[in-house]
Amino acid sequence: MNSYLKRLFWPLAVLVALLIVNIAVTGFDFIVPSVHDGRLGGAFVNILRGAVPLLLISLGMTIVIATKGIDLSVGAVYAIGAAIACQWILDRDQSALDTVFTAVVLALVVAAVIGAWNGTMVAYFGVQPIVATLILMIAGRGIAQLITGGQIPSVSDDTPFVELGRGAIATVPVPIVIGLVVFFGLVLLTRTTALGMLLESVGGNPEASRLAGIRSKGITILAYLICGACAGLAGIIGSANLGSADANNGGLWIELDAILAVVIGGTALLGGRFFLLGTAIGVAIIGTLEDTIINVGLSSQWQFTAKAIVVFIVAILQSPEFRAWLLKPFRSGSAAEPTAPEPKPEEKAVAK
Amino acid sequence: MSTTTLTERSDRSTLFDGLGRYIPIAATIGLLIAMYAGGLANYSNFDNPQLIADLFIGNAALLIIAVGMTFVILSGGIDLSVGSMMAFSTMALAWMTVELGLPAEIAVPVVLVFGTGSGMFTGAVIHYFKVQPFIATLAGLFLYRGLTLQISDRDVSIREIEFFSWGMDRVEFGNVREGGFSLPHISFIAFAVVIIAFIVLHYTRFGRSVYAVGGSEQSALLMGLPTARTKVGVYAVSGFCAALGGVVAAYATRSANPLAGVGLELDAIAAVVIGGTLLTGGSGFVLGTVAGVMVMGMISTIIAFQGNLNSWWARIAVGVLLLAFILLQRFLGRSGEKRKT
Amino acid sequence: MSDEPIVQMAGITKDFTGVRALESVDFTLRPGEIHAIMGENGAGKSTLIKVLTGVHAPDAGRILLDGEPVRFHSPGQAQAAGISTVYQEVNLTDNLSVAENLFAGREPRLGPFINFRAMRRKASALLDQIGIDLNVAAPLSSYSIAMQQLVAIARAVDFEAKVLILDEPTSSLDRDEVEVLMRVMRKLAGDGVAMVFISHFLDQVYEVCDRMTVLRNGKLVGDWDTDALPENELIGHMLGREVETLEAIEHRPDRWPPGDAAPLVSAEGLGRRGSIAPFDLDVREGEVVGLAGLLGSGRTETARLIAGADRHDSGSLSLDGSKLRGHNPRTAAARGIGFCPENRKTEGLVPDLSVAENIVLAMQAARGWARTIPPARRDKLVAEFIAKLDIRPADPHLPVKNLSGGNQQKVLLARWMLLQPRLLILDEPTRGIDVGAKADIQRLVNELSDDGMAVMFISAELDEVTRLSDRIAVLRDREMIDILGAESEMTTERIVDTIVAKGGEQ
């Protein structure tokens, strides 16, 4: 547990620092929720509410990355999920609850199937994850446009569907409720069952996992399936909030933000241990960062630059070579001898 | 026993004996011919040579950037920053010439040097700090887009700058109305880039090192090849090409759009892969990339000719082609997994 | 042959985080000689080579090249100084042409451009020199691994190497190709090149080498002229006697009058092309079957086929008399066959996972992800096995990568013991671990077999095999050559004689 907290320390510290900056600039109103029209509001609550689609995708991405994979198609799947849900509702009785229900289920199922397809490409065809998911990253938005006929379907404001994005349950905004449910659902799914351990095993050492009898192909497909479903759900919530589905721009670059959130949260891109809570903190950091930039008086265009800096710092801090290079001036002299790259004396399989 | 010379006994079928590497590019060219033939058969006016020429006008910047991407992908890397870099270069040109009043003759080299230099920096981070190319260039994607938007978040016209009128001046080949065609100068810039890239990749040590590093970086290192210089070099080439793409875009549109080239990195990657280059590196040809760009252009052309098809079919078609080429490469047996790093 | 040594290594010591890979090893190489370095896995051969070629820096000792002290920091530096290496895995880029691979980085040029015509001509000439004829314009990948190996040698030769190190170059070559390679080697020796030859094929070593240096467990056993060291003595030196005597564990004579029980697992004509020739082997309940042979003799391959880690392409495997179909690690585990592979780190453990997670991995895999082992039961099982196997530190939450080799091995053992398999296959479970852990594991094998578990035991140390086994299958050159069962046959001498006798037949 100790090492777990240590992993979370830096992301938490960054988040707290960002919050302090915001509070310093805009006062405590930033963090203290207010209640308007029977639902929670306030700057920080709105940040969290807006960050839910990113949270969902990042959680799915965390699970895929745990298997040493990556899913670039989530942005496109977001667009497809949004397109299916909105188009289905638009073509039918908008105010009927069962229409909305069918739309949501349909969008989720399609998104999950797309995820499973990605997983199959990786597990059975042996295509590199980055390559396999690139296909749908490129083609997916075309499919979304195909569904919407190139239009941006706008649902009416009185369909129950928009409640998924704008409503509140006991004053808590619905997206936040969904985000929490999915977060705890995934934590339960991975940590009270053995799924988490098997994911980490497959990502940490595929060959050892195979020899231990793990069905690694099934586990891999399941990971991508979950990721796809999460992306679809993110699309549903995002489009419910807007009341429309933009096949071209909905969820644009969200895959990059998601990967960033996962990496900030302490999950290594090389697979192995994953931290869903860390990812959630990473999402909160990215969400808060966007507001911070405006609050400290910079133009919103700084957003990209700030993200670039974050990506760069995180990537470089995770590089052992960089740390070694940074520390080199401090340990010259006594330890001029380069340390052995990896302690693997004679472990090479020679007999093959 | 034998003191005779041992001659080659291939362990694979003769079909793959050295010819295997030409199969993907042959497929691309076959596809291109089939599409053209299909177009000829179905649409009148498809035989107009200007139709082919147009492929190199609208796609001039894409072609240049895809050529740079070919270097990076051949070496086993990827560069996500090219779309942003292109937009940034165009915007920087506009800013320097319109706002600062610098002569374009100075602004253009500045932009090209900046593109090359930042590519080198990215390459150095990737090589020396072992940061994954995907992540390192992702930072570039955000950074250059951010810088572009900071210069201006709306279009900046450069119509006033005389220098940029040269790019779309056309050179005519025969009478356009009687089976001739015309090409603007920017197309010739793209052709020059292709020819230089071809010579560099195939006839210089740097070019061959790119293939060697993409084939197996470990082996290249053990063979004593300059892997550091090679890897930094390919990102420098890609950065240069992206900046040049920005210059060409400035010529083509005579304005700077802060959201130009969004997603262009994906188009470039797609063109390279459809051109038969292996996404995991080590195999492919820059002429394949030309064919890949032409295929993507031809898809749009056919959709335009068909009239009742919508533009999104182009994206879906590109996706299907990507799938086909990735699986083709997979079955030709040279996958990323084969080379453990 | 000149007497002035070209390479002198003295007192070379190398540690890897607590594991001593080399301990004060001396090595001398003279111009024009072909010098074999012999030893089992973990003996220190590769480490010695890597120290010489600058991959690893020695912790102690010095290296003289031509009488001058040298220290290389990269293989490139060593190559520039005239020490070239050809590895078992071909380190060329097979997407480039043969000629390009030969001249990569130093292509003949016209101005800035590569002169392909001159390069092909020079390449053909170079290959001609060592007696092979290839289409030098074809990509290297269109040739067999053997050919690629020869191209790698040609490349090394052309660097005007004074010292050429051949690290297992013959493991994937067939007879004719080996002949060509040896001819090249002799020719180079005649030109005064000093060669280090590492191979697990004894006949090749005897055929081509002038001298041998034998290592065992990171220590120098000695060096001999090939003529002065008969094969059985060599094998004795390599496999040797354990330095530390494990008095506590005695061989249990005649606990199994062979043949009086039905076999539990039975292999009939089981084999896999290029890995192990078809063999017959029965294993009975409660029996310990040892696999003895040199490195590369096929002992690991035998184990992997029975464990389902590799697919067999001939023969059949039966359990309780019924033939097994769809044999893979998962079904093998379900049928009660457990397998501890020889490479703990790459094939056994998941380094980032904790001790507890690594222990329950196979049990959890058998149950599927949804049926979790109840936490209380899981903790109890893990604690029980940590205590039973004396795994230290006894912290179930520690990442397994932080444990020592012996304790890692015990974690792996615990993983399979948890499933109570009927047959447990242990591939070199005692390699590279300390004496205490070694004794623990040996004791455990005895206990498990007393409780009725069948055990298949592989070790490079013949003492260990003879002490623990009820029967011993002897392998050589990827073939099972004999199965020793009688009490009088269970001696290291008998095993060595069996291996040597088979070699003599060929």
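Values in this document were obtained by computation on a predicted structure and should not be read as measured data.

The number of helices and strands found in chain A is 14 helices and four strands. Over its C-alpha trace chain A gives a radius of gyration of 22 Å, about what one expects of a compact globule, namely 20 Å for 352 residues. Counting across all 352 residues of chain A, residues that qualify as buried make up 57%. Across chain A, contacts joining residues at least 24 apart in sequence account for 76% of those joining residues at least 6 apart. Put simply, chain A shows about 14,300 Å² of open surface, and 67% of that area lies on carbon and sulfur atoms. Positive and negative side-chain charges in chain A, numbering 20 and 21 respectively, have mean positions lying 12 Å apart.

For chain C, the helix and strand inventory stands at 17 helices and 23 strands. Taking 506 residues into account, the globule formula puts the C-alpha radius of gyration at 23 Å, and chain C, at 25 Å, falls close to it. Taken along its principal axes, the extent of the C-alpha atoms in chain C is 75 × 50 × 45 Å. Of all 506 residues assigned to chain C, the portion counted as buried reaches 60%. In chain C, once contacts between residues fewer than 6 apart in sequence are set aside, the share between residues at least 24 apart is 69%.

Now for the interface of chain B and chain A. Taken together, the contacts link 39 residues of chain B with 44 residues of chain A. A combined buried area of about 3,800 Å² lies between chain B and chain A, and 81% of that area is made up of carbon and sulfur atoms. Considering only the side of chain B, the residues that lose the most area to chain A are B:Phe129, B:Phe142 and B:Trp312, jointly responsible for 19% of the buried surface there. Linking chain B with chain A are five residue pairs in polar contact (both at pLDDT 80 or more).

Attention shifts here to the sheet that holds strand 12 (residues 211-216) of chain C. Strand pairing in a sheet relies on backbone hydrogen bonds, with the paired strands running either antiparallel or parallel. Residues and elements named next belong to chain C. Strand order in the open sheet made by the six strands is 6-10-11-3-12-13, with mixed pairing throughout. Single-partner strands in this sheet number two, and they are strand 6 (83-86) and strand 13 (219-225). For this sheet, the mean inter-axis angle between neighbouring strands, taken without regard to orientation, is 20 degrees. Pairing of strand 12 with strand 13 involves six bridges; the strand directions are antiparallel. From the neighbouring strand, Val 214 faces strand 13, where its bridge partner is Gly 222. Contacting strand 3 (34-38), strand 6, strand 10 (163-167), strand 11 (194-198) and strand 12, helix 1 (residues 45-52) crosses the sheet at an angle of about 130 degrees to strand 3. Lying on the sheet, helix 5 (residues 145-158) is in contact with strand 6 and strand 10; it crosses strand 6 at an angle near 175 degrees.

Contact with chain C, which involves 53 residues of that partner, is made by 35 residues of chain A. Carbon and sulfur atoms supply 55% of the area that chain C and chain A bury against each other, a total of about 3,800 Å² over both sides. Considering only the side of chain C, the residues that lose the most area to chain A are C:Arg330, C:Glu347 and C:Trp369, jointly responsible for 17% of the buried surface there. Here chain C and chain A share two salt bridges between them. For A:Arg273, the salt bridge is made with C:Glu357, and the minimal N-O distance between the two is 2.7 Å. Counting across the interface, chain C meets chain A through seven residue pairs in polar contact (both at pLDDT 80 or more). Within the residue set of the side of chain C that touches chain A, elements represented by two or more residues are strand 1 (7-16), strand 2 (19-29), helix 1, helix 9 (299-307), helix 10 (329-334), helix 11 (344-348), helix 12 (355-367) and helix 14 (405-417) of chain C. No other element matches the six residues that helix 12 of chain C contributes to the side of chain C that touches chain A. Looking at the side of chain C that touches chain A, its residues break down into 20 nonpolar, 15 polar and 18 charged.

What follows concerns the side chain of C:Thr53. Looking at the secondary structure, you find C:Thr53 in the loop between helix 1 and strand 4 (60-65). When neighbours within four sequence positions are excluded, C:Thr53 is seen to be in contact with C:Phe72, C:Ser74, C:Pro75, C:Ala78, C:Ile83, C:Thr85 and C:Ile165.

Entries for chain C in the domain assignment read domain 1 (7-239), domain 2 (244-336 + 422-506) and domain 3 (345-420). Spacing between the C-alpha centres of domain 1 of chain C and domain 3 of chain C amounts to 41 Å.

Turning our attention to the environment of B:Met86. All names here are of chain B. You can see Met 86 is positioned in helix 4 (residues 82-99). Exposure remark for Met 86: the relative accessible area of 7% places this residue in the buried category. Once the C-alpha coordinates of Met 86 and Val 111 are considered, the two residues, 25 residues apart in sequence, prove to be 10.0 Å apart.

One pass over the structure, following the stated rule, counts 35 salt bridges over all chains. C:Asp440 is the salt-bridge partner of C:Arg443, the closest N and O atoms lying 3.3 Å from each other. Highlighted residues: C:Arg443 and C:Asp440, both in helix 15 (residues 435-450), separated by three residues, approximately one helical turn. By relative accessible area, C:Arg443 is classed as partly exposed at 37%. Take C:Asp440: its relative accessible area is 23%, and that puts it in the partly exposed class. Three or more residues joined by partner-sharing salt bridges are found here, namely A:Glu207, A:Arg210, C:Arg304, C:Asp310 and C:Glu347.

Now for helix 13 (residues 375-388) of chain C. Residues and elements named next belong to chain C. If you check helix 13, its first and last C-alpha atoms are 19 Å apart, about what 14 residues at 1.5 Å a residue would give, namely 20 Å. Buried residues belonging to helix 13 abut helix 12 and helix 14. With its phi angle positive at about 55 degrees, Asp 390 sits one or two positions after the end of helix 13.

This next bit is on the sheet that holds strand 18 (residues 322-323) of chain C. All names here are of chain C. The strand order across the open sheet formed by four strands is 15-14-17-18, and the pairing between neighbours is antiparallel. Looking along the sheet, the strands with just one partner apiece sit at the ends: strand 15 (276-283) and strand 18. Summarising the sheet, strand 14 (residues 265-272) and strand 17 (residues 314-319) pair through five bridges and their orientation is antiparallel. By the bridge assignment for strand 17, Ser 266 is matched with Ser 318.

Rules used in this analysis
Residues numbered from 1 in each chain as written. Chains lettered and ligands numbered in written order. Predicted model: local features only at pLDDT ≥ 70, side-chain atom pairs only at ≥ 80, totals over all residues. Heavy atoms only, no water. Helix = DSSP H or I, 4+ residues; strand = E, 2+ residues; numbered from the N terminus. Rg over C-alpha atoms; globule rule 2.2 N^0.38 Å. Buried < 20%, exposed > 50% of the residue type's maximum accessible area, 1.4 Å probe, protein only. Contact = heavy atoms within 4.5 Å. Areas by Shrake-Rupley, 256 points an atom, 1.4 Å probe, with all protein chains shown as cover. Lys, Arg positive; Asp, Glu negative; His and termini not counted. Charge placed at Lys NZ, Arg CZ, Asp CG, Glu CD. Buried area = accessible area lost by both parts, 1.4 Å probe. Polar contact = N/O pair within 3.5 Å; in protein donor to acceptor, adjacent residues only side chain to side chain. Pairing = 2+ DSSP bridges. Axes fitted to C-alpha atoms, helices over the stretch in contact; angles between N-to-C directions. Salt bridge = Lys/Arg side-chain N within 4 Å of Asp/Glu carboxyl O. Nonpolar A, V, L, I, M, F, W, Y, C, P; charged D, E, K, R; others polar. Domains from an automatic or database assignment. Expected span 1.5 Å × (residues − 1).

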